[in-house]
Amino acid sequence: MGGRRCRSRGGVDCELLQGAAAAVLRSQTGDSAEVVIGAGGLGGFPGAVLGSVSTHVAGYAHGPVVVVRSGPDTAHGEVVVGLEDYHACGPALRYAFEQAMLRASTLRALYAWQPLAHAHIPESAHDLDEIHATQCRSAAVILRGWRQRYPQVPVIEDVRRAHPVDALVRASAQADLVVVGSQGRGAIGTVMLGSVTLGVLHGARSSVAVVRP
C-alpha cells in the first residue's frame, strides 16, 4: 500500500494512501488516540455508504471512532451517553465525561429499558412503576463514581422505557455528540459492532462516538 506525504500546515500532517478506505483507515489506527470519519451521506468516501467504512473501522480501531455529521452550526450544549451494565459502559462513560468537560456541556446519561420478551411481566401501572424505579436506582449506581470523578460536569439521569436505539436517536436531535459502547463479537473473536451501536450510527441526527471496551 503506497502513500505520499503532503505538506504540513498548522501542525497538521496529510498523507495520501492508496487502497480501500476501510482497510486503509484500519491500518492507520494502531497508534491513534481517536479516529474521525465524515458522514456526509457517503461516510466521507466516494461510493461508501455510512456503515461500510465507519462500521468496519469502529469495530476494529483501538481508540474511539467519531462519525461526524454535518448540520446546523447551533451548539446544543449536551453530550448523550448510552448506559449499559456497569463494566461494559465504563470506557464509553469515561470518554463521554471527558467530552462534556472539554465542551463545558451537560451530560445526559440515558438508560433505556424494556420488559423482556416472552417473560411474565406484571402489566399494572403500579408494577411497571416499580420496575422503572429499580432501573433508576441501577442508573444512579452506575453513575455515582463518575459523578465524583467529574464534579464539574452537570449530569442528567434519563431513564426511559423504550428500545435503546429509539431512545438514543431521539435524544440525538438535541445533542452535539452521542457516545455508545461497542460490545459485539464475531464468531472468530474479532470485535464487531452490536445492534444498538449500528442502529445509532445509522439513525442519529448528531455526531456519534463509538468507544470499544
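Below: a short report on this structure. Fair warning: this is a prediction, and the values are worked out from it, not measured in the lab. (Residues numbered from 1 in each chain as written. Predicted model: local features only at pLDDT ≥ 70, side-chain atom pairs only at ≥ 80, totals over all residues. Heavy atoms only, no water.)

## Concerning the packing of helix α5 (residues 164-172) against helix α6 (residues 195-203)
Interhelical geometry of α5 versus α6 gives an angle of 30° and a closest axis separation of 9 Å. Classed by the angle they form, the pair α5 and α6 counts as roughly parallel. When you trace α5 past α6, the crossing you get is right-handed. Across the interface between the two elements, Pro164, Val165, Leu168 and Val169 from α5 touch Ser195, Val196, Gly199, Val200 and Gly203 from α6. (Axes fitted to C-alpha atoms, helices over the stretch in contact; angles between N-to-C directions. Helix = DSSP H or I, 4+ residues; strand = E, 2+ residues; numbered from the N terminus. Parallel < 35°, antiparallel > 145°, perpendicular 65-115°, else oblique. Left-handed = near helix turned anticlockwise from the far one by under 90°. Contact = heavy atoms within 4.5 Å.)

## Structural notes on the packing of aromatic side chains
Under the defined criterion, the tally for this structure stands at 2 aromatic pairs. Their ring planes at 25° and their centres at 5.2 Å tell us that Phe97 and Tyr150 sit as a pair that is stacked. Of this pair, Phe97 sits in helix α3 (residues 90-103) while Tyr150 is found in the loop between α4 (125-149) and β7 (155-161), placing the two residues 53 residues apart along the sequence. (Phe/Tyr/Trp six-rings, centres within 6.5 Å; stacked < 30°, edge-to-face > 60°.)

## Focus on the pattern of salt bridges
What the rule picks out here adds up to 4 salt bridges. For Glu78, the salt bridge identified is with Arg108, shortest N-O distance 2.7 Å. One end of the pair, Glu78, is in strand β5 (residues 78-82); the other, Arg108, is in strand β6 (residues 106-113), and 30 residues separate them in sequence. Each of the two residues, Glu78 as well as Arg108, counts as buried. Between Arg147 and Glu157 there is a salt bridge, with the nearest N and O atoms lying 3.1 Å from each other. Of this pair, Arg147 sits in helix α4 while Glu157 sits in strand β7, placing them 10 residues apart in sequence. Arg147 sits in the partly exposed class, given a relative accessible area of 33%. (Salt bridge = Lys/Arg side-chain N within 4 Å of Asp/Glu carboxyl O. Buried < 20%, exposed > 50% of the residue type's maximum accessible area, 1.4 Å probe, protein only.)

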